[in-house]
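Geometric and topological summary
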Amino acid sequence: QRRGSSRGTSLLDLIKDGCIQPGEGCLRLVYREHKYQADLTPQGLILFESETFESPSSWSIYVKRRTNPEKKADDGWKSVYYKDKKLEHFKHELLLRMYGQTRTLSAGSKIVPVKKKAKKEKVEKTVEKTESMADKVVEPPMPKRTRPKREIKRKQWNTMDTGDEHSMVPMEEFYGTPGSGEEGAQPFKVEVSSGCAMVMDVHSYMSEKHEIIGLLGGYFDRDSRCVSVEEAFPVRELTTEDDRINVEMDPESEVQVREEIKTKGMVCVGWYHSHPSFPAVPSKIDLKNQLNYQRLVRDEESSLEPFVAGIVSPYNPKTVDLKSDFAWFYVSHGYGKGKAAAPGNAELGDDCFSMSLDVEMKGSSQIISTCMGKVKMLTELYTKKASRTEWNAVWDDCHTLMDKMMYSLGKLLPESWQGAIRDTFLNAIKTFIQGRWEQKLVQTELENLKK
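Note that the coordinates shown come from a computational prediction; the quantities given were computed from them, not determined experimentally.

A few words on the sheet that holds strand β9 (residues 172–173). An order of β9-β16-β15-β14-β13-β11-β12-β10-β17 is seen for the nine strands of this open sheet, with the pairing classed as mixed. The open sheet is flanked by β9 and β17 (359–362), the only strands paired with a single partner. As judged from the six bridges shared by strand β11 (residues 213–221) and strand β13 (residues 267–274), these two strands associate in the antiparallel manner. Residue Ile-213 lies in a different strand from β13, and its bridge partner there is His-273.

So this is what it looks like as C-alpha cells:
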C-alpha cells in the first residue's frame, strides 16, 4: 500500500459529501502521451494494477516516475481526473460548502476569499454497478446536526503572507518514505502511542468553547530517524483576550510539566492544542510557535529538528464522523546544514511551508494507568471552571457530548482491545467524569439556594 499524507481533504471526504462516487476506471491520468486508469473504492482508496494508494498525489507520482524517474513530486489533485474534471475541482466545491472560501492548491499559493457563499450544487447521484463493485456500499453520512446553535468565532483560511496571525494555513504534503532522507520526504518517522492520543482527546473535550494546550514526552532515535511520542502532558492555560481562538501556557505549569517529563526519563518531543469548533488546521501563530520550538531542538550536525505539533478538533460541526479530527504538522523551511537560525523570534518567510506529518499509531502497555491518572486530573481541574463542558448537551439527534467523546476514545484504542476489557475501560472513564460533573452541578445549586 502506497501511503500519502494523513491529513487534509481526502477522497473519502469527497465521497461522503456526494461530490464523487466510487467505481471502476473512474479515475484518469494522462502523462507524456501515456494514459492510466484506476478504480476508486468506497473507502476512498485508489486501486491500480494490484497496488493501493491513499491519495491522488501518491498515485500520480507513482505512474509519472515510470516515464520520468527523476520526477521528485506531483500534486495529484491537479493531475488526476474524475470523469471529465480534475479532482481539484471537486475539492474546491467541498471547501466552498464547508468554509465559504476557496484556495488554489499549489505550495505557497494564495487563498482567494469568496464574497458570497456558493450555493451547493444539486448533484444527481447515479450508481455504477459492475460485477466487482455491485456489492460495495458507501456508508451514509451522519444525521444533520440539530443541536442548538452556539456562538462560534471561526478562523479564516489564508497563507503565510497575511498579517492576521489567527488565519489558518492549509498543509502541504511530504512525499516518499518518512525518515528515508529522500528529497521531499518527511525528515523523520513519527510514532504516537494510543494512550497519548487518548489523553489529548479527553483534554480537548474538557472545554467546548476554549482552547487547551499541553506538551508531548517521548524519545528521538537519530540512527533510525524516528520520533516516538509516548505520553501527553496537559498544561494549565492562561486566561487570554479571546480563549476561543487563542491559548497560552501558564509558565509555572509548563516548568512543572517539563520537569515531570524529565523525571520519567523522556524528553519533550512536541506540543499540542485544540481547535474546539473549527478545523484541525494550523494558524500562522501556531506555525510560528512550532518553528521556534524546532529551532530550540535543532541538531546542526544532522540538520534535523525532532519536534512535532498536534491539533485536536473535537466539536467541529462540519466533521462527518463522531470521532475527533487529529492533525500533526511541522514547518519545513530553508535552513540547511551549517546555517544557524536563532530561536525565539521566528518569522515565517517565503521558504517556510506548513507541512502535514504522516503519523503511525502504536499500542501502549501502560494505557490504563497513564490515561486514568490524567483523566482524573483533568476532570478535577476543568469541573471547577466556568468554561467546562456540559456533558448532557445535545450534539445531534442521537448523541450527547459525552456520547461523542466516548465514541471518539473508542476509536483510539488498540485493535487488540475488544469486548469486556474495552467496555470496562471506557465505562470507567465515563463514570468518573459524569460523577464529578453531576457532583459539581449539585454544589452549584446548593450555593445558589444559600444566596
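Let us look at the nonpolar core. Counting 51 residues, the largest nonpolar core has Met-198, Leu-216 and Trp-391 as its most contacted members. For this core, the leading source of residues is helix α5 (residues 194–205), giving seven residues. Core analysis: the next-biggest nonpolar cluster, separate from the first, contains 25 residues, Phe-233, Met-266, Ala-309 and Ala-327 among them.

Let us look at the pairing of strand β1 (residues 23–31). Here β1 runs beside strand β2 (residues 34–40); their pairing, made up of six bridges, is antiparallel. When the sheet's bridge partners are listed, Leu-27 is paired in β2 with Ala-38. Here β1 hands over to β2 after two residues, with Arg-32 in that stretch at a positive phi of 50°. Summarising the sheet, β1 and strand β5 (residues 81–82) pair through two bridges and their orientation is antiparallel. Bridging across to β5, Leu-27 finds its partner in Tyr-82.

Rules behind the numbers
- Residues numbered from 1 in each chain as written.
- Predicted model: local features only at pLDDT ≥ 70, side-chain atom pairs only at ≥ 80, totals over all residues.
- Heavy atoms only, no water.
- Pairing = 2+ DSSP bridges.
- Helix = DSSP H or I, 4+ residues; strand = E, 2+ residues; numbered from the N terminus.
- Core = buried A, V, L, I, M, F, W, Y, C linked by side-chain atoms within 4.5 Å.
- Buried < 20%, exposed > 50% of the residue type's maximum accessible area, 1.4 Å probe, protein only.

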